[in-house]
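Next come the chains, spelled out residue by residue.
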Amino acid sequence: MSDPMTLLYSEVEEELRAAVRGLLADRCPPAAVLKRIESEPYDLDLWKTLAGEIGVAGLLIPEQYGGAGASASEAAVVLEELGRGVAPVPFFTSSVLATRALLPTGQGSGGALLAELAEGRKTAALVVPFAASPYRPGASVRIEDGRLTGTVAGVAGADVADVLLVPVEGRLHAVEEGAVVRVVPSLDQTRPVATVTFDGTEARDVGECDLADVLRFGAGLLASEQLGVAEWCLDTTLAYVRERHQFARPIGSFQSIKHRLADLWLDVVRARAAARSAATDGSGVAVAVAQSWNAGVAVHAAEEALQLHGGIGMTWEHPVHLYLKRAKASEIALGTPGDHRAALASLIDVPGPE
């Protein structure tokens, strides 16, 4: 378990990182992700290996339900690596968001489902728009006599979920069949979104749900995925400018490029501190700070990577566009940077405009 008082990575976290990074390098390099997006984006075979052999599916689930009983810090390390690989697996949607929503229900009927998620036998999706904000967690689904009616757009992970978890009026309802899930075009082709429709669909009440808390928790950990995206973009660009020559010298030796990459390195270092704080602290302030900063850093890092790769960066064959799309889509997920800055101002009593 992590020490909540430090932002450094523990030995256990570094071992977990090495295991996930090694598997992704072998089974899911960016070039392989690029090939998948034109057919079937999600790599469910990779997910089975991550869940079954490394145990990432049950990281946040208590040991009594077959999980690892780990902290958010361990989940954050996994997300950093999945961000570095823009890995098309449902870890964030199932093992973070859906699992967090289910945890308070463990003593009731949600315990059996938690055990199935921990083993990786099932995946789940929280039926809220991926752009939902923890500061305005509205719902568009109604329930009457145990049946759900309504439509929710932009749900991430719904197309590969075995169980849909629907928050309505402070309660969480599980749906295993009967919902209509329709995948719609998404900017981030490595994380499809879908429109989910319920029309008198039978649902099982599994317990209470604090949706704002779930979305806030998810936003805090999303900052670690954004950090991973930014780190890959920085590392890949540094390697490229060392090798690419122009006027008989590496383009990385030009002063203007040195300055741009030095500034980007500092941005990424700050992003790492913000992400670690959000994972180890988890307070509203830490989450708002992380999302206010990291969302923009991921986008900026991807834009710099694309520009500094020159003509090759503009091509479909180079994977940098996957990172830019992931960064842009994540920038508006679970609250925009503006939403989080406004919340931060309120949390620390910064007066706003009159």
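For the structure itself, look to the data block above.
## Details of the pairing of strand β5 (residues 171-175)
Alright, step 1. Taking burial as the measure, the five residues of β5 include four buried ones, the bulk of the element.
Alright, step 2. Judged from the five bridges that link them, strand β4 (residues 163-168) and β5 form a sheet pairing that is antiparallel. Across the sheet, the residue bridging to Val 166 is His 173, located in β5.
Alright, step 3. Here β4 folds back onto β5, and the loop between the two strands holds two residues, one of which, Glu 169, carries a positive phi near 55 degrees.
Alright, step 4. Across four bridges, the pairing between β5 and strand β8 (residues 204-208) is antiparallel. By the bridge assignment, Arg 171 is partnered in β8 with Glu 208.

## Quick notes on unusual backbone geometry
Alright, step 1. Of note in this structure, Val 86 is not a glycine but carries a positive phi near 35 degrees.
Alright, step 2. Within the secondary structure layout, Val 86 lies in the loop between α4 (72-84) and α5 (91-102).

## Considering helix α9 (residues 284-308)
Alright, step 1. With 25 residues, α9 extends 36 Å from end C-alpha to end C-alpha; this agrees with the ideal 36 Å at 1.5 Å per step.
Alright, step 2. Of the residues one or two after α9, Gly 310 is the one with positive phi, at around 65 degrees.

## Quick look at helix α6 (residues 110-119)
Alright, step 1. Most of α6 sits inside the fold, with seven of its ten residues counted as buried.
Alright, step 2. Of all the residues in α6, the buried ones are Gly 110, Gly 111, Leu 113, Leu 114, Glu 116, Leu 117 and Ala 118.
Alright, step 3. A positive backbone phi angle near 80 degrees is found at Gly 120, which sits one or two residues after α6.

## A look at the sheet that holds β4
Alright, step 1. Ordered by their spatial adjacency, four strands build an open sheet running β1-β4-β5-β8, and the pairing between neighbours is mixed. Where the open sheet ends on each side, the last strands, each with one partner, are β1 (124-126) and β8. Each strand of the sheet is rotated relative to its neighbour by a mean of 25 degrees, with strand direction disregarded.
Alright, step 2. Against the sheet, α5 contacts β1, β4, β5 and β8, and its axis sits at roughly 70 degrees relative to β1.

## Points about the packing of aromatic side chains
By convention here, two paired aromatic rings are described through the distance between centres and the angle between planes.
Alright, step 1. With the rule as written, the count across this model stands at two aromatic pairs.
Alright, step 2. The interplanar angle of 80 degrees and the centroid separation of 6.1 Å between the aromatic rings of Phe 92 and Phe 130 together place this pair among those described as edge-to-face. Of the two residues, Phe 92 sits in helix α5 while Phe 130 sits in the loop between β1 and β2 (141-144), which places them 38 residues apart along the sequence. Residues Phe 92 and Phe 130 agree in their burial class; the two are buried.
Alright, step 3. Centre to centre, the rings of Trp 232 and Tyr 323 are 3.7 Å apart; their planes meet at 0 degrees, and the pair counts as stacked.

## Thoughts on the pattern of salt bridges
Alright, step 1. The full count for this structure, using the stated rule, is 23 salt bridges.
Alright, step 2. With its nearest N and O atoms 2.9 Å apart, the salt bridge here joins Glu 81 to Arg 17. One end of the pair, Glu 81, is in helix α4; the other, Arg 17, is in helix α1 (residues 11-27), with 64 residues separating them in the sequence.
Alright, step 3. On the basis of relative accessibility, which here comes to 2%, the residue Glu 81 falls in the buried class.

Conventions and cut-offs
- Residues numbered from 1 in each chain as written.
- Predicted model: local features only at pLDDT ≥ 70, side-chain atom pairs only at ≥ 80, totals over all residues.
- Heavy atoms only, no water.
- Buried < 20%, exposed > 50% of the residue type's maximum accessible area, 1.4 Å probe, protein only.
- Helix = DSSP H or I, 4+ residues; strand = E, 2+ residues; numbered from the N terminus.
- Pairing = 2+ DSSP bridges.
- Expected span 1.5 Å × (residues − 1).
- Axes fitted to C-alpha atoms, helices over the stretch in contact; angles between N-to-C directions.
- Contact = heavy atoms within 4.5 Å.
- Phe/Tyr/Trp six-rings, centres within 6.5 Å; stacked < 30°, edge-to-face > 60°.
- Salt bridge = Lys/Arg side-chain N within 4 Å of Asp/Glu carboxyl O.

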